[in-house]
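Each chain, written out:
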Amino acid sequence: MSFLVPTAPTSHPPEESGGGDALAVPAASSFAYVDTPDFRYDGWLAHNEPRGAIGRAEGDVLVIGGGVSGTAAAYELSRAGCRVTLVEAEPALGGRCASRRFKDEPPRSPNLVELGAMRFTESLFVMSYYLDRFGCVELGPSLGSGLGAPLILTLTRRHVRGGIGALPLFPDPGVVVTWLCDADGVVRWDGQDAPQGFETVYYGWHALATNGIRRSDGAQAFMAPMDLRRLLQRSASGDGGALAAATAAWQAYITAFQGRSFYGVLHELFTGAGPYEIPGGQPWAFDDFDKFGTIGVGSGGFGALYSVGFLEIYRLIINGLEEDQRILRPGVRILPEELVARAGLAALVKNTQVTRIHGSLQEGFRVEYEGEPTDALTDVTFDRIVFAATTRAMEITTNLTSDAALLDARVATAVRRVHVASSAKVAIRIRKFWEDGDDTPRVLLCDNVVRQIYTLDYGAQDGTAVAFITYVWDEDATKQQGLGASSENYGVDKVKLYQNLYAKLLTYAERSPELAAWIAHIVPYTRGSANPGDFADSILYVEWQSQPHFNGAFKLSYPGQDRYVQTMFFDYLKADPDSPAADTGVYIAGDCIAYTSGWVDGALQTGLNAAAAVLTSTGTLYGDAHGQSPMTINKVRGGHNTAAQA
């Protein structure tokens, strides 16, 4: 479940879906994402091991970036026979798979903080494939939310084979009892129906997700997201007609809305300003848009993201990324670590940043770098390079976007211009103040700078848990930098930031004694300090826009920028001998070039694309049972490749 996003049933009656029994869904283990509807990455992975073979001497590959996209590329290329050197600018692998522990946390404590990716859904099919293959899923305690979920037995790392569906639910709004706080008051929401005062936006968004967009005469104008997903599921079962229908339905959305903001489309639909029937039948007033900005579409308020492209948010709903979200024990960093541990690399170099790339496909590549001198990089010539980092890092830290021998000018322009969001998180260790199975609220959403609070139980035996006292994007992240600004070095003081956020939170306490008592629990729990106020070790904080080597959190395209995403995502196809684009031998990866940026599968897909390009240009890439691979997506063409050009 998730807030405001109805879980898709296996079929809809005709009056809801517009398609009736024709949209009944055969069972399918996975489906292709809507922007690449003719290709299932996990199906390709399951068919071949390894994915290809080196056929010529050009087997020395440098992978820049040790996040999940870079480590996936390194793993697959090593397994296919390449000699892979992986270089990571940070001391640890993972990138924004940034699982951290509090400084004074015992070594074997299960408590952790996901400073990057933290929600994982069953539709993360590639991530689920690797977790299952490596056997590194840990089952943990259930939410204990009173929803009837049984307590899942705690097991040790690598003892469980199972994908994301085996994991405990993330405490999303409405999945657990949730506080909603705005100018109209405080609501305690049990998730069973629309929260009081939010009925108009709740039922309106539900109607849009379920029924799609209808013209004012009642005729279907744009297919419902849930029905589009059903077509993708049917396509995964071999239904070619469903593939064509899904492609046409998504193309219709792109043609109509690719230049529109999320707020702009919502305003047209829900005020009746356009030629469409108002979803849910009840027009939204100005205050309703404020309320929707508070509660969002599944994982908290999206008010700060109203300016991003409508399609950027809408594709998440179609792809199932905003529902049935899970937590991963012992942290998502385990995935890039396992990929590297099992890769058989020629060399792994950490704490080293590549600053300049010299050469070309014909003469090979050499790099300049900052870090301890190493024979793995100094005076070494590489045949191919995979550059797996944020687009900001590609632009700021190297010459990648200024040298046409490395990256085509169109791709470089897209890298420089696509919007990358700011993001901030503050997490604290707390005492667990709820009992498994009770109805204690676990989440708070509000309309001030705090925005959202989540409490997570990782099964610590000492009665401690983790709370995110905030998780925000863009404008709100900028505000929080100001709240925590230090007068000494103009950086962010995490203790000061926590204290100021807590003071903002207290402004809601006077409205409800029950809420005031709940807020009193959202305080850091300190181990072994004589001074209860000395809680710096019980706070973790990140704001990705100021982090060296990242310079931003994830891509969130502005209206019209799907064209940039298309250009970046499919750049790897230049490795095809029949491609009209010149192959430079440098292939980009990372979730910032993915359609589903901010989600692990977006990063993994781009890493696999880059690996496919290397194998295509240096040897042989194997296809699945139907001969399909990442290199065929643009040719088999169920899809949306040309759609952004419409």
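Residues numbered from 1 in each chain as written. Predicted model: local features only at pLDDT ≥ 70, side-chain atom pairs only at ≥ 80, totals over all residues. Heavy atoms only, no water.

Turning to the overall build of the chain, a few remarks are in order. A tally of helices and strands in the chain yields 19 helices and 22 strands. Relative to its 646 residues, the chain shows a buried fraction of 62%. Considering only contacts in the chain between residues 6 or more positions apart, those separated by 24 or more positions represent 74%. Accessible surface for the chain amounts to roughly 22800 Å². Of this, 49% is attributable to carbon and sulfur atoms. (Helix = DSSP H or I, 4+ residues; strand = E, 2+ residues; numbered from the N terminus. Buried < 20%, exposed > 50% of the residue type's maximum accessible area, 1.4 Å probe, protein only. Contact = heavy atoms within 4.5 Å. Areas by Shrake-Rupley, 256 points an atom, 1.4 Å probe, with all protein chains shown as cover.)

Here we come to the environment of threonine 567. Along the chain, threonine 567 turns up in helix H17 (residues 562-569). Note on threonine 567: relative accessible area 17%, which makes it buried. When residues no more than four places from it in sequence are discounted, the contact partners of threonine 567 are Arg410, Val411 and Ala414.

A separate point is the sheet that holds strand S13 (residues 384-388). As summarised here, the arrangement of the 5 strands in space is S10-S3-S2-S13-S21, forming an open sheet in which the pairing is parallel. The open sheet terminates on both sides in strands that have one partner only, identified here as strand S10 (347-349) and strand S21 (586-589). Across the sheet, the mean angle from the axis of one strand to that of its neighbour is 15°, orientation sign disregarded. As defined by bridge partners, S13 adjoins S21 across 4 bridges and the pair is classed as parallel. Counted as the bridge partner of phenylalanine 387 is isoleucine 588 from S21. Along the sheet, helix H3 (residues 68-79) contacts strand S2 (60-64), strand S3 (83-87), S13 and S21; its crossing angle with S3, the most-contacted strand, is approximately 165°. (Pairing = 2+ DSSP bridges. Axes fitted to C-alpha atoms, helices over the stretch in contact; angles between N-to-C directions.)

Turning to the nonpolar core, a few remarks are in order. The biggest cluster of nonpolar side chains holds 170 residues, and the ones touching the most others in it are Met127, Tyr130 and Tyr253. Judged by nonpolar contacts, the second largest core, of 34 residues, contains Ile430, Cys446, Leu501 and Leu515. (Core = buried A, V, L, I, M, F, W, Y, C linked by side-chain atoms within 4.5 Å.)

Turning to the packing of aromatic side chains, a few remarks are in order. Applying the stated criterion to the full structure yields 38 aromatic pairs. Both rings, one in phenylalanine 222 and one in tyrosine 276, keep their centres 6.1 Å apart while their planes meet at 65°; by these two values the pair is edge-to-face. Of this pair, phenylalanine 222 sits in strand S9 (residues 220-222) while tyrosine 276 sits in the loop between helix H8 (262-271) and helix H9 (286-295), and the two are 54 residues apart along the sequence. We classify phenylalanine 222 as buried; its relative accessible area is 9%. A relative accessible area of 15% places tyrosine 276 in the buried class. Ring geometry for phenylalanine 262 and phenylalanine 310: centres 6.4 Å apart, planes at 25°, overall stacked. Here the residue phenylalanine 262 occupies a position in helix H8, and phenylalanine 310 occupies one in helix H10 (residues 310-318), the gap between them amounting to 48 residues. Residue classification places phenylalanine 262 among the buried positions, given a relative accessible area of 0%. Judged by relative accessible area, phenylalanine 310 falls into the buried class, the value being 0%. (Phe/Tyr/Trp six-rings, centres within 6.5 Å; stacked < 30°, edge-to-face > 60°.)

For the rest of this paragraph, the subject is the packing of helix H13 (residues 409-417) against H17. Packed helices, taken two at a time, are described by their axes: the angle between them and the distance between them. As a packed pair, H13 and H17 sit with axes 9 Å apart at the nearest point and diverge in direction by 125°. In terms of orientation, H13 lies oblique with respect to H17. Like other packed secondary-structure pairs, H13 and H17 cross with a definite hand, here left-handed. Judged by residue contacts, Arg410, Val411, Ala414, Val415 and Arg417 of H13 engage Tyr564, Thr567 and Met568 from H17. (Parallel < 35°, antiparallel > 145°, perpendicular 65-115°, else oblique. Left-handed = near helix turned anticlockwise from the far one by under 90°.)

Turning our attention to the side chain of serine 538. When you line up the elements, serine 538 lands in the loop between helix H16 (513-519) and strand S19 (539-543). Of note is the side chain of serine 538, whose polar atom sits 2.9 Å from the side chain of arginine 429. Ignoring any residue separated from it by four or fewer positions in sequence, one finds serine 538 in contact with Phe102, Ala427, Ile428, Arg429, Pro524, Tyr525 and Thr526. (Polar contact = N/O pair within 3.5 Å; in protein donor to acceptor, adjacent residues only side chain to side chain.)

A separate point is the pattern of salt bridges. For the structure shown, the criterion picks out 33 salt bridges. The shortest N-O distance in the salt bridge between glutamate 76 and arginine 51 comes to 2.8 Å. Note that glutamate 76 is positioned in helix H3 and arginine 51 in the loop between helix H2 (41-47) and strand S1 (52-54), a separation of 25 residues in sequence. The pair glutamate 76 / arginine 51 is uniform in exposure class, with both members buried. One salt bridge connects aspartate 439 with arginine 188, and the closest N-O pair in it is separated by 4.0 Å. A residue pair is termed long-range when its members are at least 10 positions apart, and aspartate 439 in the loop between strand S15 (423-431) and strand S16 (443-446) and arginine 188 in strand S7 (residues 185-189) qualify at 251 residues. (Salt bridge = Lys/Arg side-chain N within 4 Å of Asp/Glu carboxyl O.)

What follows concerns the environment of asparagine 500. Examined against the element boundaries, asparagine 500 turns out to sit in helix H15 (residues 494-506). For asparagine 500 and glutamine 480, which are 20 residues apart along the polypeptide, the C-alpha to C-alpha distance reads 9.1 Å.

With that out of the way, let us pick up the packing of helix H4 (residues 125-134) against helix H18 (residues 600-618). Between H4 and H18, the least distance of the axes is 7 Å, while the angle of their chain directions is 80°. Taken together, H4 and H18 sit at an angle that is classed as roughly perpendicular. Two secondary-structure elements touch here, H4 through Phe125, Val126, Met127 and Tyr130 and H18 through Val600, Asp601, Leu604 and Leu608. Residue classes in the contact of H4 with H18 are distributed as 7 nonpolar, no polar and 1 charged. (Nonpolar A, V, L, I, M, F, W, Y, C, P; charged D, E, K, R; others polar.)

With mixed pairing, 7 strands are arranged side by side in an open sheet as S7-S6-S16-S17-S18-S15-S19. In this open sheet, the two strands that pair with only one neighbour each are S7 and S19. Direction aside, neighbouring strands of the sheet carry axes that sit 15° apart on average. Of the pairings in the sheet, the one linking S15 to S19 comprises 5 bridges and is antiparallel in character. The residue bridging isoleucine 428 from the neighbouring strand is isoleucine 539, located in S19. Taken strand by strand, helix H14 (residues 474-483) contacts S15, strand S18 (464-473) and S19, and its axis lies near 110° from that of S18.

Here we take up unusual backbone geometry. Comment: phi is negative for the bulk of residues other than glycine, and the bulk of peptide bonds are trans. Look at the link from glutamate 49 to proline 50: it is a cis peptide, with omega at 0°. Within the element layout of this structure, proline 50 appears in the loop between H2 and S1. Across the junction of arginine 329 and proline 330, the peptide omega takes the value 10°, indicating a cis bond. Along the chain, proline 330 turns up in the loop between H10 and helix H11 (334-341). In the Ramachandran plot, aspartate 474 falls in the positive-phi region, its phi being about 45° despite a non-glycine side chain. Within the secondary structure, aspartate 474 is located in helix H14.

Moving on, we come to the state of the cysteines. If you walk through the whole model with that rule in mind, you get 0 disulfides. Cysteine 446 takes part in no disulfide bond, and the closest cysteine sulfur to it belongs to cysteine 181, at a distance of 6.2 Å. Judged by its relative accessible area of 0%, cysteine 446 is buried. (Disulfide = S-S within 2.5 Å.)

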